[in-house]
Amino acid sequence: MFRWIDNIRIGVKLFSLIFLLITFLVVGSLLGLLGMESVQSNYNTALDLENKIGSALQMTLYIEEQYLHQADYVINQNPDAITNFESAVEKMDVAKEDLRAAMETDVELAWMAQIDGYDEKFNKLFFDSIIPAVATGDPEFISRLDERSVSILNGMLSVTDNIIESLENEITAARQIADEGKQDISTIMIIGSAFAIVVGLF
């Protein structure tokens, strides 16, 4: 006699479960999409930082290339060494600016300022001191200049190593956040599947 009342109760219950399922699916999907965007963003950040490390490594090569051209001029008095040195300076400047774009913290920017200072001293020493010294042919004076040049070179390389280490730490952090985001998405999917199974059993 009151079966219709039971039917209403069952309908309300069924409607409530379906509503809860749809709500959970919508919320879960939104969280999943946001999580995927965050994961992709952090992976992209890590990739960009890896490219910056490539610029830093290139910069170290150009630093050493400048010194090799300097040695070529000192030892062989090869006039082409000056042109080659200038070419290495230009490539070094490009690598520096590319790397500078990735520097965010005050410490990293201070490191770049140190590299600028070392680079300026290195170039000035070659053009203003070493080239004229080679013309005079004073081996002792040239040797002292070379020692100063090596000291500047080592300073630049040391700071560059600090930058590379800093970027590597940032890469590790970005990848860790991305991996945690992937785990969160997996958890949401598992919970959603379990909830759907439970609803289906009612």
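Structure report, in brief. (Residues numbered from 1 in each chain as written. Predicted model: local features only at pLDDT ≥ 70, side-chain atom pairs only at ≥ 80, totals over all residues. Heavy atoms only, no water.)

With respect to the overall build of the chain
Filter applied, for reference: Elements are defined by DSSP. Helices are runs of H or I of four residues or more, strands are runs of E of two residues or more, and each kind is numbered from the N terminus. Buried, partly exposed and exposed residues are distinguished by accessible area as a fraction of the type maximum, computed with a 1.4 Å probe on protein chains only: under 20%, between the cut-offs, and over 50%, respectively. It only takes one pair of heavy atoms within 4.5 Å for two residues to be counted as in contact. Values of accessible area rely on a 1.4 Å probe in the Shrake-Rupley scheme; residue burial ignores everything except the protein chains shown.
On a plain count of helices and strands, the chain comes out with four helices and zero strands. A total of 202 residues make up the chain; the buried ones form 33% of that total. Taking the contacts inside the chain whose residues are at least 6 apart along the sequence as the reference set, 80% of them involve residues at least 24 apart. Summed over all atoms, the accessible surface of the chain reaches about 12600 Å², with 61% contributed by carbon and sulfur.

Describing the nonpolar core
Put simply, the test is: Within this scheme, the nonpolar core is defined by two criteria: the residues are buried Ala, Val, Leu, Ile, Met, Phe, Trp, Tyr or Cys, and they are joined through side-chain atoms within 4.5 Å.
Met-92, Leu-99, Met-103, Ile-115, Phe-122, Ile-163 and Leu-167 are the most contacted members of the largest nonpolar core, which has 39 residues in total. Of all the secondary-structure elements, those providing two or more residues to this core are helix 1 (3–76), helix 2 (80–100), helix 3 (106–136) and helix 4 (139–201). It is helix 4 that provides the largest number of residues to this core, a total of twelve residues. Not counting chain neighbours up to four residues away, the residues in contact with Leu-99 comprise Lys-52, Ala-56, Met-59, Met-112, Ile-163 and Leu-167.

A look at the packing of aromatic side chains
What counts here: Here a pair means two rings of Phe, Tyr or Trp (six-membered ring of Trp) with centres within 6.5 Å. Their orientation is stacked below 30 degrees between planes, edge-to-face above 60, and tilted elsewhere.
The final tally for this structure, using the stated rule, is five aromatic pairs. Plain terms: the ring middles of Phe-126 and Phe-127 are 5.2 Å apart, the flat faces sit at 70° to each other, and that makes the pair edge-to-face. Taken together, the aromatic side chains of Tyr-73, Phe-85, Phe-122, Phe-126 and Phe-127 make up a single cluster linked through ring pairs.

Brief notes about the pattern of salt bridges
Threshold: Each reported salt bridge corresponds to a side-chain nitrogen of Lys or Arg within 4 Å of a carboxyl oxygen of Asp or Glu.
Within the structure shown, the criterion is met by eight salt bridges. For Lys-91, the salt bridge is made with Glu-65, and the minimal N-O distance between the two is 3.2 Å. Taken as a pair, Lys-91 in helix 2 and Glu-65 in helix 1 lie far apart in primary sequence, 26 residues in all. Put simply, Asp-128 and Lys-124 hold a salt bridge, and the shortest N to O gap is 2.9 Å. Within this pair, Asp-128 and its partner Lys-124 are both found in helix 3, separated by four residues, close to a single helical turn. What makes Lys-124 exposed here is its relative accessible area of 52%. Because the salt bridges share partners, they merge into one network encompassing Asp-93, Lys-96, Glu-97, Arg-100, Asp-116 and Asp-119.

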